[in-house]
Every structure is written in structure tokens, then in C-alpha cells.
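Spelled out from the first residue to the last, the chains are:
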Amino acid sequence: MPNSEKPGSALFIQTIDRYVPEVMQTMVGLSATPATGLANYPQPSKLEGITGAIGLSGKVNGVVYTAYSDSLGKHVAEKILGGSAGEQEISDVVAELTNMITGNLKSCLCDLGYNCALSIPSVMRGEEITVSARNATICVGNSYAIEGSKDSLKVLVFAAIEN
Amino acid sequence: MSSPKILSVDDSRMIHTLINKGFTPYDVQMVFASNGAEGLEVAAREKPDVILLDVTMPVMDGVECLGKLKADPSLKDIPVIMLTAEAGKENVLKIAKMGVRDYIVKPFTEANVIERVSRLVTLKPKAAASPAPAVAAAAPTARKARIATDAIKILVVDEHPAIAESLAKAVSKRGWKVTSCPGPAEAQPHIASTVATEETPDIILVSLAFPGKGALKFYQTVRLNPALKGIPLVGLSVKTATFDQNEAKETGYCAIFTKPLELDEIPDRIARAMDLDITPLFYTSEGDCQVVSIPQDLSETGSLDLSRQSRKKIADFVNAGFAKLIIDLTGVSKFDIPLIRAVASIISECNGLDIKWRIVGDSPENLSNLPAIVSTNLKIAALKELNNPFPTTAPLEIFADRAAAAASF
């Protein structure tokens, strides 16, 4: 049974602000410092480079995006794998890190009574990836300064909560 | 004996790479599969000793794969550790009921995976495995997890014989054995003579007061021997010698026990330094019930570690098909902080996992007030992390003996 209080934008921001640094520090050994999260992230939004995406379906429907520049994706993948990383390795790392962030977000939502299932991660590459979600009531995002990179990691969550 | 075989089932090559890297120093055979269906095939073919299983995967997910593993008589006994980012209470409970042995939440460290696997199989360092099997057998780098009911061997290196004597007395009720040496010069040949024998110490307690940084040099000498690499070293020091204590910690001493030693706490502090599972001291099975017996003299360290370790222990009950727990407080007449913490946290864990519980005791008039006592003590710093497991402060029913408690379920 869902709790009486619906998860709001603040909870989504707090959750990604907790798990993005934890995942980056534990798995990659790099600090990820959050900027100030946006509770009304503009959409459609344009992303570029490598973007991991995982869908949530159930009492929460939506998508979590994690967007890396090409150089940030390479930096993170090579740090985690301990050697040079090609396109496929980078995609695999982006997919798995997205899975870890989204899995932990899902766990928080489930513990609040908002059960949902995760899709298999997908990875997109491109100069202009446009993301939006027409029915989303939660449109949040934040940027994370990653140690050793001039580029930031962007994490966006677009979701609708079932009544 | 052949090296243990570990099957990793995950759709991420990154996870395979990290796990493979983590186990590289150990004499193990790694096999991999990229989804549940492939995992079943590889498990049937390779008969691994442990399976690390992801949840979200294409073709066949980890939950379906686990169900099929447990339904196959030839595979059902292989211990499975789930490795997943999905750690919601409901998910954990669902998977725990399917018979999973352990659960590692992503993100994880390589050390965490190795530690969990080493609870199930003995991991020997690769370098030591073939040329010197005897040394490898003695190397406690990642051997099967020890428990507090094992015959633990403690070496005390201290210039004052009274310290070793009082430590021996404090640990005697656990059946642990203390040997002593008056200084590093005597301790080094003693330890060398025990390598690859049954007498290798499991933990070494060293006075930090030896001149010429004797304790630090001793630490380095012990660590140079690969067969002794995993033995925890604890510093013994007077409270005021903070410089020595900090220096020892920086060198690698895993804990410092200050003198005068709090002898009531010592067995549990040693258990903590060794990362021993203390639950076998408290938990037993009785028919279709599990029983946890908690004594009045539970130490503060024992209370904290029992509360922490009970989480896994109680989740293991679910895996083993138990759904009833008797909390035996015979001999307990008053609740002090360690007891409140242990009992309330165990009840809280049972509530979360739908395990029914009953309390047995011979001071029912005092014990029945536990909900009121918890409620009034929750603001105390030592209990601030405690979840109150009681919805009201109404008195509890206390059963006179275990049989009466078991009959009431």
C-alpha cells in the first residue's frame, strides 16, 4: 500500500543526490559533487554524448537518464576498468552505473509503497538527444562535478506517480 | 582439494571484469554467464560452489533464474548470492523467501564480494596455493568466516604478565586460549614456529609501550610474512598515550584496547576486531522455532554487534523456512541499555520480515514493561538509531518457558 504522502520532486532530488555520489565513489573511486538540483527541469531537454536510460513502470512510470560527455564517459570507464576502454566498454559502464543509480531510486520508492519495475538499460549516443515526458509530474535533474574531469554528469528523472 | 568455482551471472561485462579482478589474487575458477538462461546452462555444466546472480537481466532475469535453480535437485544446494541495485524491503523479502544465501547491494566494493563469498568457501591466495600448499592452508587472508564458538587462539605480547593473565580469564568462558610473550623479540620466533600449524594465532594483542617503536616494527615484521597477512593486530595502550595510539592506527593496527582493560567487554571487542560471527553464542534451533537467549550481562559491544548481526541471521531464518522466534530472557530481571537495544532491534527485524516472536522469562513483572521502557529511552544517545518496534506501550505477555511460548504460536 502506498504511504499517504506521495513522493515529490524534493525526494527524487535527495535520492539521486545521495546515490549518484555513492555509486561514483564506490564503483569508480571518483567523487561526484552535486550542484543545486532543479525541481522543474526544463523539457524537452537536449543531451549530448552518451546517455544511459532506464524506464520505471508500475506505481511510478518514467525514465531516468544519465548523460556523460564523450570524454567523461571514457574517463569514468577507464578508471573503473583499469585500462583503455572502447565504445562498447564505455556503453556497458554507462548502462551499469545507470542501473545502480536507478535501482537504488526504485528501492526508495518501493519502501514508500510505490512499487515499480525497471527496464533493461539502454544507451544512446549523439550530438542532440532530446528527452521529454509529456505526462510527467516529476521533472527533476542535477549536475555532478566528477573528480578529474572538466565535464559534469547530468542525471534527469521524468516520472508520473500513480494516484 | 580443487579450487572453488564461482559463477557470476550478470549482463554487465563491467561487473564480470570487476569480480574477476577482485578474485585474481585467489586460487579460484571463475565462470561467467550473461543472463539467467545462460546461467542455468553454465551452472548445470560447471557445478559451481557459489553463484553470484544479478536481478535485472535480459532473456531471463535473476529472480526467474533463482526459482529454476532452486527447483532443480542437482543445483538447488548451490549457494546463491544476489548482487543487485534493487534492495527495497519487499524485493529483499521476496528473494530471501526463494532461498538466496546472501544479498549484496550495488554499488559494492570488491572486498565486500570477496568477504561474502569467503563466508561460503575457503579462499586461498593464488601465489601460495601451488608452491606451498601448507602455507596457503594456514594463510588466513580470506578463509572461511570464523565464528565466536571456534577455539580462538590469542597471542598477547606485553611486558606485564598480569595483562595476559587477566585477558585469559576474561575469554575463558568462550573457550578461547591465550598464550603470551613478554616482548617482540620473543614473539617473532614464537609466531614463526606456529606458521602452517594448528597453533597459528588468530589475533595478536600487542603493547604499544615497547621502546624504539617496537610495536610498529613488530607489526611490519608480521605483515611481511604472507602466511600471517590476515591476522588482525590490536594495540594495548594506556588511555593517555594518544600519540602512540594514532601512530599504531596509521601503521595498520585494526583496534586499540586501552588499559585498564574493561574485561567484561574484552571477549566481544576481540570478536569485533576479528569480525567474528557472534550469533552462534546466542541463537539455537528448537523444533520449528529459532531461539535467541540473551543474558543479563550482555556487554555494550556485544549488544551492538548482536543487533547488527541479527539482521542477517533473522533474514537467514526466512531462507531456511523458519517463521517463529523465541526470545529467551531467563535470568534477566532488568533492562539496561545493551539489553534494550538487542531485544528491541531483534523484535524490529522480526516485524519487518513477518517472523512471529514470543518472550520467555522468569521475571514477568519486569520484562512485560519493555514497550514502556523502550518508549522512554528512545531519546538516549546510545539508542537514537533504534526503531521502536512496539505500536503501543501496553505490557507484553511473558511466557514462563520455551514450551509454553512455542505452543502459543
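Refer to the structure presented above.
Summarised in this report is the structure supplied together with it. What you see is a predicted model, and the numbers here were worked out from it, not measured in a lab. For every chain, the first residue of its written sequence is number 1, and the numbers climb from 1 along that sequence. The naming scheme follows written order: chains are lettered A onward, ligands numbered 1 onward. Local features in this predicted model are restricted to residues of pLDDT 70 or higher, and side-chain atom pairs are both shown and tallied only at a pLDDT of 80 or more, whereas totals for entire chains, interfaces and linings draw on every residue.

This part takes up the overall build of chain B. Assigned secondary structure in chain B consists of 17 helices and 15 strands. Contact between two residues is assigned whenever their backbone-derived C-beta positions fall within 7 Å. Partitioning the contacts of chain B with sequence separation of at least 6, the portion at a separation of at least 24 is 71%. Going along the chain from the N terminus, every DSSP run of H or I of four or more residues is numbered as a helix, and every run of E of two or more is numbered as a strand.

A word on the interface of chain B and chain A. At the interface, 19 residues of chain B touch 21 residues of chain A. Ten residues, namely Ala, Val, Leu, Ile, Met, Phe, Trp, Tyr, Cys and Pro, are considered nonpolar, four, namely Asp, Glu, Lys and Arg, are considered charged, and the remaining ones, Gly among them, are considered polar. Here the residues of the side of chain B that touches chain A are counted per class, giving seven nonpolar, seven polar and five charged.

What follows is about helix α8 (residues 161-172) of chain B. Residues and elements named next belong to chain B. To estimate the expected span of a helix, count its residues, drop one, and scale the result by 1.5 Å. Helix length check: α8 (12 residues) gives 17 Å between terminal C-alpha atoms against 16 Å at 1.5 Å per residue, within 8%. Taken together, the buried positions of α8 are Ile163, Ala164, Leu167 and Ala170. Relative to the axis of α8, the buried residues are bounded by an arc of 125° and lie together on one face. Looking at α8, the residues exposed on the side facing more than 90 degrees away from the buried face are Pro161, Ala162, Lys169 and Ser172. Of the surrounding secondary structure, the elements contacted by the buried residues of α8 are β6 (153-157), β7 (177-181), β8 (203-207), β9 (233-238) and α12 (266-273). Every C-beta atom is placed from the backbone, and the number of other C-beta atoms within 10 Å of a residue's own sets its class: buried at 20 or more, exposed at 12 or fewer, partly exposed in between. What the arc measures is the spread of directions leading from the helix axis to the C-beta atoms.

Let's shift gears to the environment of B:Arg119. All names here are of chain B. Note that arginine 119 resides in the loop between α5 (110-118) and α6 (126-129). On the basis of neighbour counts, which here come to 16 C-beta atoms within 10 Å, the residue arginine 119 falls in the partly exposed class. Spatially, the C-alpha atoms of arginine 119 and arginine 146 are 8.3 Å apart, while their sequence positions differ by 27 residues.

Here we take up the sheet that holds strand β1 (residues 5-9) of chain B. Residue and element names in this part refer to chain B. For two strands to pair, DSSP has to find at least two bridges joining them. If you walk across this open sheet you meet the five strands as β2-β1-β3-β4-β5, and the pairing is parallel. One side of each edge strand has no neighbouring strand; the edge strands of this open sheet are β2 (29-33) and β5 (102-105). Strand-to-strand twist of the sheet, defined as the mean angle between neighbouring strand axes without regard to direction, takes the value 20°. Relative to β2, β1 is paired through five bridges, and the arrangement is parallel. Bridge pairing in β2 links valine 9 to alanine 33. Note on geometry: axes are C-alpha line fits, over the in-contact stretch for helices, and angles between N-to-C directions span 0 to 180 degrees. Lying on the sheet, helix α3 (residues 62-71) is in contact with β1, β3 (50-53) and β4 (80-84); it crosses β4 at an angle near 175°.

With that settled, consider the environment of B:Phe210. Residue and element names in this part refer to chain B. Within the secondary structure layout, phenylalanine 210 lies in the loop between β8 and α10 (214-224). By the C-beta count within 10 Å, which is 20 here, phenylalanine 210 ends up buried. Phenylalanine 210 sits 52 residues away from aspartate 158 along the chain, and the two C-alpha atoms are 8.4 Å apart. Ignoring sequence-local partners within four residues, the contact set of phenylalanine 210 consists of Gly183, Pro184 and Ala215.

Moving on, we get to the pairing of β5(B). All names here are of chain B. As paired strands, β4 and β5 are joined by four bridges and run parallel to one another. Bridging from a neighbouring strand, methionine 82 pairs with tyrosine 103 of β5. Orient the strands so they point away from the viewer; a crossover is then right-handed if the path from the first strand over the helix to the second runs clockwise. For the segment spanning β4, helix α4 (residues 89-97) and β5, crossover handedness is right-handed.

Further remarks concern the packing of helix α3 (residues 87-111) of chain A against helix α1 (residues 13-23) of chain B. Orientation of α3(A) relative to α1(B), taken along the N-to-C sense of each, is 90°, at an axis distance of 8 Å. Judged by the angle between their axes, α3(A) and α1(B) are roughly perpendicular. Contacts from A:Asp92, A:Val93 and A:Glu96 of α3(A) reach α1(B) at B:Arg13, B:Met14 and B:Ile15. Tallied by class, the residues present in the contact of α3(A) with α1(B) amount to three nonpolar, no polar and three charged. In these notes the angle categories are as follows: under 35 degrees is roughly parallel, over 145 is roughly antiparallel, 65 to 115 is roughly perpendicular, and the rest is oblique.

Residues and elements named next belong to chain B. Ordered by their spatial adjacency, five strands build an open sheet running β7-β6-β8-β9-β10, and the pairing between neighbours is parallel. In the strand order of this sheet, the two ends are held by β7 and β10 (255-259), each with one partner. Each strand of the sheet is rotated relative to its neighbour by a mean of 25°, with strand direction disregarded. Of the strand pairs in this sheet, β9 and β10 are connected by five bridges, and their pairing is parallel.

With that settled, consider the packing of helix α2 (residues 70-81) of chain A against α3(A). All names here are of chain A. At their nearest, the axes of α2 and α3 sit 9 Å apart, and the two run at 85° to each other. Compared by their axis directions, α2 and α3 come out roughly perpendicular. Across the interface between the two elements, Gly73, Lys74, Val76, Ala77, Ile80 and Leu81 from α2 touch Glu89, Ile90, Val93 and Val94 from α3. Looking at the contact of α2 with α3, its residues break down into seven nonpolar, one polar and two charged.

All names here are of chain A. Within the secondary structure, serine 122 is located in strand β5 (residues 122-131). According to the C-beta neighbour criterion, serine 122 is partly exposed, with 14 such atoms within 10 Å. Along the chain, serine 122 and threonine 51 lie 71 residues apart, while their C-alpha atoms are 8.3 Å from each other.

From the geometry alone we can't say anything about function, so treat these as descriptive.
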